[in-house]
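This is what each chain is made of:
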Amino acid sequence: MSQKDTLGQELSRRGISRRALLKFAAAAATSLALPPSFAPAIAEELSKARRQSLIWLSFQDCTGCLEALTRSEAPGIERLIFDFVSLDYQETLMAAAGTAAEDVLKAVAQENRGNYLLAVDGSVPVADNGVYSMIGGRSPMAILSELAEGAAAVLAIGTCAAYGGIPKAAPNPTGAAGIGALVGGKPVVNIPGCPPIPEVLTGVLVNFLTFGKLPDLDAQGRPLAYFGTTIHDQCYRRPYYDQGKFAKSFDDAGARQGWCLFELGCKGPTTHNACASLKWNGGTSFPIQSGHGCLGCSEPDFWDKGSFYTSLSGGEGPPWGAVAGAAAGGVAIGGAAAFAARRARASVERQLAQEWKAQEDEA
Amino acid sequence: MSPMPPSRAPKIAPATRRIAESRSQEDQTRLDAAMRGFITDFGPEAATWMEACLHCGQCAEACQFYVETGDPKYTPIWKIEPFKQAYNRQMGPFAPLFRMFGLTPSVSLGQLEHWQELLYDSCNMCGRCTMVCPAGIDIADLVEKARHGMFDAGLVPPDYLGALAGKERETGSPFGIAPNAMRDSLLEIGEKHGVEMHVDEPRAEVVPAVSSIDLKMYPDSIAATAKVLNHIGVRWSFMTKGFDADNVSLTAGDREGQKIVTEAIVAAATDCGAQVLIMPECGHSYTEMRWEAANTVGHALPFRVLHMSEYLAEALEAGQLHLRPVPKDGQGHGVTFHDPCQVSRRSGRSDAPRRIMQALGLDLHELADHGPDSWCCGGGGGVALIGRAKTLRNHAFDIKKRQVAETGADTVYVTCTGCRQTFEHGFKDAGAETGVGSLLDLVAEQLDEKEKTS
Amino acid sequence: MTLLDFARGPALYAATLIMVCGLVWRLTGVALLPFRRDLAASGPNAKGRVSGALWQVVSRSFPRRSFLGRTMVTVTIGYAMHIGLAVILLGGAPHILLVTQATGLDWPALPKGIVAIASGVTLVSLLLVILRRLTHPVLRLLSNVDDYLSILLTLIPVLTGILLAEETLLPYETLLTWHILSVEALMIWLPFGKLAHVVFVFAGRAALGARQARKGALQ
């Protein structure tokens, strides 16, 4: 497979029919919130598309995002799309290492300048000049700004790259930040999730291959087509929420009957993602279906939003000690006010008593 | 029609020294006096009520001055607005904040002058508002307290309330009746009515206080008191050293005068070893003697304080009082009864007069609102003693008049001198025919001496 | 930190402390004023001070019949609003959850439909309360900024709560955020304005009850 091959050629080499491609294009159009009439055009554009150069940088990551994207069990067209891009630099997957790998990066970036896509997983340490994740003696900030400059667009893959994620969790010793805050002047798409849904990345790539640009984004820089609604809105347990039927513990009768997990801390109502509709592992299941509430992993700072098992209605109020302290403060201030009032009253009473006595004496 | 006994009505308002002084003082000094009066009245109870108001306006619906005039300024809680302002700025838990940020304007003398009508002319301190208030605010009590500051600032209506209060402080009687004059009058009444009169006995178990209004307008009631007590056969005596059952000072807001009157009565009753002090009227002197005197003199009283109706009911119960039933009237009109606010509502004794009426076999047609729910006659709280309040008072009396008319009764019985006077004037001004009767006088008429001796 | 995180975290924390501190402050400031012992003999029908206070706290919740003819409208609207609020607060599943998480206390929730009806009734009552304050001569005279602010601060959480429960008009998160923030505004204002009647209305009744019990004149 060379750089000049088109996706159409690659598909026919693998024995995948045009009919299958059209089907995929129709599905892609739907998931990207385009009308079905776009499907033939998408299929046409896709089959003409050249291999796209993709440079993948990993900073403060756990490789979970990559695992999720590459370990898809069913090798469908989604997988092929992923295979079809020319993954020119990925530290985990590439055979080369050390300076050889760095040379590849330099060469690819030079060759495809202005055209390559830059994917990043993991957050960027900003504190202490980025010493927490040096690669080849260079800080992630330096590498990122250099490569972002020559990229056509930047993909922030996973919650860490999008918002800082778990490395950014309090107390955030490395000063971890999402890349959106660090890359200027280039289109950036956030594909949050811990890990993100593979189909979402594929969809973004299809959009880029077909239309040469990133899909429409929401205010948080996420593809609107996948992140426009909350998990709660699309959840199959939603009717139970509407009926007020809630599981009270993970093994009660309600839980066994598949009632809503809101009271057990499900963050579905405030989490924007496509888990409930696309699901995972080829549409097999997603966390809520397996009986656990949503953790809200694709939302900024999800790790710092209190317990996963605290329901959304219940914030974590102050501890009793603080409440008692506030009450004691109230007694002190109120007592002082009452004391002042008592003194004022007593002095007036003394005054009045004197005056009355003087009057009586006079009489 | 003067609200005062003509013979004693002051020709020009003989303002007391204190009132005269305060009138001539600089405004600021007077305002200071008012504020001092206000702030010395706040304890936890009054303060709680200050904090509790919901501004729900229900008290207006319980107040005859609002109900009959429809003027929102007569809303009971509004009447103490300056008092509330003083509290918020001086005594409340947020007083420093109120002052610092000017959240409540400070009270001005002009405001207080404006409020004089609301605190005096249009409040009977009858406590109906207290009963309706969902927060249990005793507005009547707060009005009584607020009058202290008003009096201290010389803002009591001078005609005649202030004048009478001044006289009372000076002489021990609102009409300036000296003890020896009092003695003579009482003995004269005894002679005239052929009743054995006991005055200033060295020892007495029962001491009735005397209302100066009775003395001048209803001497029959004084005679009736003597007659009934003689019938009961208890050792009793009027005491001229301290007899003033009017305590006009209290309604005027003069704490000092109030104290002088109270102390005199307590001393007189204590000296003769009294066990029971009888108060002849419902008004505030009953409340004062019954519930406040012990606090005023600083110790528990060595005698019981009872309203005349309570005493009579007790005597009935004890078999000391024997009554002949009143013959039924031909038309079956029956009679009705006006509950005196301070006894029936404020002290929970609406049962006492009804026992007496039952013993008298009266065909009682209750008013639509009776017992603790009764409307005030309109004269309570010193309103009967404010000359200029007459029109307003008659207006407030309308509701009573209507309710009396609704019963179809031709006589309304009262157990309080103040109520009796207000009713008589009210009916007269309205040209109504309904009779006003004193329950005590009726008892005196219906004494069954035969039963007693047998 | 999103606004929702702020609302559920530091803002809730601060609002709770301010509410507790303010209420205790106000109560202490009142309770520690000079108290005078009552020396008067009690009346023949006297009850104990404590039982009188408790009796009055309960009995004043029920309007006296002789006044109802004139106070029916106020009483009805007041009842509708307060019962509605009680149903929402004590019966709404998310509210119970909040209490459960803070204290461990738990009780069964009312069906969502009933809470929805109660919310509607409360909202309408609150609007009527505003309307009456603006039109009734007595209420117009008595009302001040505190009254309107207090009603508004009650109305906003009810309104956002209804929208939140129905998940209409705005995204769930936005509604949740504003619902929580509006409740916090209510909590912060509660001790300082007339919303403190949640405590003082009972304190006032108890004070009267204790006094009237000694006189034997409980009504």
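Residues numbered from 1 in each chain as written. Chains lettered and ligands numbered in written order. Predicted model: local features only at pLDDT ≥ 70, side-chain atom pairs only at ≥ 80, totals over all residues.

Moving on: the packing of helix α15 (residues 320-362) of chain A against helix α1 (residues 3-31) of chain C. Direction vectors running N to C along α15(A) and α1(C) enclose 35 degrees, while the axes themselves pass 7 Å from each other. When the axes of α15(A) and α1(C) are compared, the crossing they make is right-handed. Contacts from A322(A), V323(A), A326(A), A327(A), G329(A), G330(A), V331(A), I333(A), G334(A), G335(A), A337(A) and A338(A) in α15(A) reach T16(C), L17(C), V20(C), C21(C), G22(C), L23(C), V24(C), W25(C), R26(C), L27(C), T28(C) and G29(C) in α1(C). Broken down by class, the residue content of the contact of α15(A) with α1(C) amounts to 15 nonpolar, eight polar and one charged. (Axes fitted to C-alpha atoms, helices over the stretch in contact; angles between N-to-C directions. Helix = DSSP H or I, 4+ residues; strand = E, 2+ residues; numbered from the N terminus. Left-handed = near helix turned anticlockwise from the far one by under 90°. Contact = placed C-beta atoms within 7 Å. Nonpolar A, V, L, I, M, F, W, Y, C, P; charged D, E, K, R; others polar.)

This part takes up the sheet that holds strand β3 (residues 304-307) of chain B. All names here are of chain B. The strand order across the open sheet built from three strands is β1-β2-β3, with neighbouring strands paired in parallel fashion. The open sheet is flanked by β1 (206-208) and β3, the only strands paired with a single partner. Here the strands of the sheet are splayed against their neighbours by 25 degrees on average, with no regard to which way each runs. Inspection of the sheet shows strand β2 (residues 276-279) paired to β3 by four bridges, in the parallel sense. If you follow M279 over to β3, its bridge partner there is H307. Sitting on the sheet, helix α19 (residues 308-317) touches β2 and β3, and the angle it makes with β3 is about 100 degrees. (Pairing = 2+ DSSP bridges.)

Another aspect to go through is the packing of helix α3 (residues 39-48) of chain A against helix α9 (residues 198-211) of chain A. Residues and elements named next belong to chain A. Two elements in contact, α3 and α9, have axes whose closest approach is 8 Å; the angle formed by their N-to-C orientations is 80 degrees. Relative to α9, α3 is oriented roughly perpendicular. Where α3 approaches α9, its residues I42, E45 and L46 are matched on the opposing element by V206, L209 and T210. Of the residues in the contact of α3 with α9, the class split is four nonpolar, one polar and one charged. (Parallel < 35°, antiparallel > 145°, perpendicular 65-115°, else oblique.)

Now for the domain arrangement of chain A. The accessible area lost on association of the parts is a frequent measure of interface size. Under the domain assignment used here, chain A contains domain 1 (7-227), domain 2 (231-304) and domain 3 (325-363). One C-alpha centre belongs to domain 2 of chain A, the other to domain 3 of chain A; they are set 62 Å apart. (Domains from an automatic or database assignment.)

In this section: the interface of chain C and chain B. The interface is formed by 49 residues belonging to chain C together with 47 residues belonging to chain B. Elements with a minimum of two residues in the side of chain C that touches chain B: α1, α3 (65-91), α6 (137-142) and α9 (197-215) of chain C. Classifying every residue of the side of chain C that touches chain B by side-chain character gives 23 nonpolar, 15 polar and eleven charged.

Moving on, we come to the domain arrangement of chain B. Residues and elements named next belong to chain B. Looking at chain B, the domain boundaries give domain 1 (6-156) and domain 2 (335-451). Each of domain 1 and domain 2 has a C-alpha centre, and the two are 28 Å apart. Contacts between domain 1 and domain 2 engage 15 residues on the former and 18 residues on the latter. Elements that contribute at least two residues to the side of domain 1 that touches domain 2 include exactly α5 (64-69), α9 (109-121) and α10 (128-132). Per-element accounting of the side of domain 1 that touches domain 2 gives the leading share, five residues, to α5. Split into classes, the residues belonging to the side of domain 1 that touches domain 2 amount to seven nonpolar, five polar and three charged.

Our next topic: unusual backbone geometry. At the junction of A170(A) and P171(A), the peptide bond is cis and its omega measures out at 5 degrees in the coordinates. Relative to the assigned elements, P171(A) resides in the loop between α8 (158-163) and β6 (176-177). In this structure, Y160(B) follows D159(B) across a cis peptide bond, with omega equal to -5 degrees. With respect to the helices and strands, the residue Y160(B) is situated in the loop between α11 (139-152) and α12 (161-171). Within the chain, T63(A) stands out as a residue other than glycine whose phi angle is a positive 70 degrees. When you line up the elements, T63(A) lands in the loop between β1 (53-58) and α4 (64-70). The phi dihedral of D301(A) falls on the positive side, at around 55 degrees, and the residue is not glycine. Mapped onto the elements of the fold, D301(A) is located in the loop between α14 (275-278) and α15. The class for D301(A) is partly exposed, based on 17 C-beta atoms found within 10 Å. (Buried ≥ 20, exposed ≤ 12 C-beta atoms within 10 Å, placed from the backbone.)

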